[in-house]
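Summary of structural features
The lines below spell out each chain.
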Amino acid sequence: MRRSSSLQGLLIYGLSGPVVALNIWLLSVLFRYFQSPITILSFAAILAFLLNYPVRLFESARVTRTQAVIIVLLLTLTLFGFLAVTLVPMLIDQTIQLLHKIPDWLTASQSNLEQFERFAQHRRLRIDLRVVSNQINASIQSVVQQLASGAVGLAGTLLSGLLNFMLVVVLAFYMLVYGDRVWYGLMNLLPSKIRVPLTTSLQLNFQNFFLSQLLLGIFMIVVLTPIFLVLKVPFALLFAIVIGLSQLIPFIGATLGIGLVTILVLLQNWWLAVQVAIAAIIMQQIKDNLVSPKLLGNFIGLNPIWIFVAILMGYEIAGLLGTLVAVPIAGTIKGTFDTLKGGKQGDFMSTVTVVHDSHTQ
């Protein structure tokens, strides 16, 4: 009996790997086939999750849900309109200027490398950086050329993006008003043993995760912009926003954003790049150790290795969108299974929890 049960367990574990791999492949195929509607629905759902907090605040003031949703959406559209009039033109202008400056920076970086190489040779150090510098310059120039060629269809891209944005807003409105009915209608098809923990885990993970990541990204933009301006970093606002938006990708996004900005500044001035990297890393440590624990909390039960695996799998399946939703989906699955294994739905804990300050309680 023991031998048969062990063989059965080995068979189950042995078949689970190919089944999981097949499901991942099917998901990637389905996403590529329905990429546009899935992307629009996903961003609408994320927006609905974020706006659900202010909607509840208005509901607590004895406002009907439909009226609360309309008020929140009008305020959100007003905010987006203000940013579109004030911030977006500045970002577009800085991006265009950056694309024009990069070739000059590449030339300056090439001369700096040649000076460093002559200095090393004068000290009888055998260093040849020409091959490395040529490869780096060729790679960056190819990226610049691709961006410049893509700018030709900028008008069509903006029109398509505006249309998709309006679709996201409209879908988010209907999700906020009628989403509960659709969601609970679908969840009622599942057994109550699965329905309750899955619903609770999904709400906690997605709402807390995306709201926290958005606030952390805004924090980095707000604190880095004046620091970059004081350091006289070129395109300070653009670089701060790049680092802030990279915070949306957990664990690896900050490193990628800071590294990209440091490399771009390094092409112009190596000492300024060192200052930029130090300032960004210090602010990142303050965010991770002081601000983030009060907003995001800890990933209870999720090993960092599995988080990296989830991000890589999400990118393989759905690209950038997959990296954004990989962690909350992994947290939802982990939280649901933990609850089912524990057998007590009342003891549910989300893998993404909001930690409140003990002094405020």
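Residues numbered from 1 in each chain as written. Predicted model: local features only at pLDDT ≥ 70, side-chain atom pairs only at ≥ 80, totals over all residues. Heavy atoms only, no water.

Going by the annotation in an unreviewed UniProt entry, the name recorded for the protein chain is AI-2E family transporter, with Anabaena subtropica FACHB-260 given as the source organism. In the Subcellular location (unreviewed entry) part of its UniProt record, the protein chain is described as follows: "Membrane". (UniProt positions renumbered as here; feature names shortened; annotations may be inferred.)

When helices and strands are tallied, the protein chain shows 10 helices and 0 strands. Traced from its N-terminal end to its C-terminal end, the protein chain shows the element sequence α-α-α-α-α-α-α-α-α-α. When the 361 residues of the protein chain are sorted by exposure, 33% land in the buried category. In the protein chain, of all internal contacts separated by at least 6 residues, the share reaching a separation of at least 24 is 71%. For the protein chain, the exposed area adds up to about 22600 Å²; of that, 70% sits on carbon and sulfur atoms. (Helix = DSSP H or I, 4+ residues; strand = E, 2+ residues; numbered from the N terminus. Buried < 20%, exposed > 50% of the residue type's maximum accessible area, 1.4 Å probe, protein only. Contact = heavy atoms within 4.5 Å. Areas by Shrake-Rupley, 256 points an atom, 1.4 Å probe, with all protein chains shown as cover.)

Closest axis-to-axis distance for the helix α2 (residues 35-60)/helix α6 (residues 192-230) pair is 9 Å, and the angle between their directions is 90°. The angle between the axes of α2 and α6 places the two elements in the roughly perpendicular class. Touching Ile46, Phe49, Leu50, Asn52, Tyr53 and Arg56 of α2 are Gln203, Phe206, Gln207, Asn208, Phe210, Leu211 and Leu214, all from α6. Split by residue class, the contact of α2 with α6 holds 8 nonpolar, 4 polar and 1 charged. (Axes fitted to C-alpha atoms, helices over the stretch in contact; angles between N-to-C directions. Parallel < 35°, antiparallel > 145°, perpendicular 65-115°, else oblique. Nonpolar A, V, L, I, M, F, W, Y, C, P; charged D, E, K, R; others polar.)

Under the defined criterion, the tally for this structure stands at 6 aromatic pairs. Judged by centre distance (6.1 Å) and plane angle (20°), the rings of Tyr174 and Tyr178 are stacked. Here the residue Tyr174 and the residue Tyr178 both occupy positions in helix α5 (residues 154-187), the gap between them amounting to 4 residues, near one helical turn. Residue class for Tyr174 comes out partly exposed when judged on its relative accessible area of 45%. (Phe/Tyr/Trp six-rings, centres within 6.5 Å; stacked < 30°, edge-to-face > 60°.)

Turning our eyes to something else, we now look at the UniProt feature "transmembrane region" (unreviewed entry) in the protein chain. UniProt records the feature "transmembrane region" (unreviewed entry) for residues 12-34, 40-58, 70-92, 151-177, 209-231, 237-263, 270-286 and 306-331 in the present numbering. Across residues 237-263 one finds 78% helix and 0% strand; the C-alpha atoms that close the span lie 16 Å apart.

If you walk through the whole model with that rule in mind, you get 2 salt bridges. With a closest N to O distance of 3.0 Å, Glu59 and Arg65 form a salt bridge. One salt bridge in this structure joins Lys287 and Asp288, with 2.8 Å as the shortest N-O distance. Relative accessible area serves as the criterion here: at 5%, Lys287 is assigned to the buried category. Take Asp288: its relative accessible area is 33%, and that puts it in the partly exposed class. (Salt bridge = Lys/Arg side-chain N within 4 Å of Asp/Glu carboxyl O.)

What follows covers unusual backbone geometry. Located in the positive-phi region is Arg62, a residue other than glycine, with phi close to 65°. Mapping Arg62 onto the fold places it in the loop between α2 and α3 (65-122). At Lys232, a position not held by glycine, the phi torsion is positive, near 60°. By the secondary structure assignment, Lys232 is in the loop between α6 and α7 (236-246).

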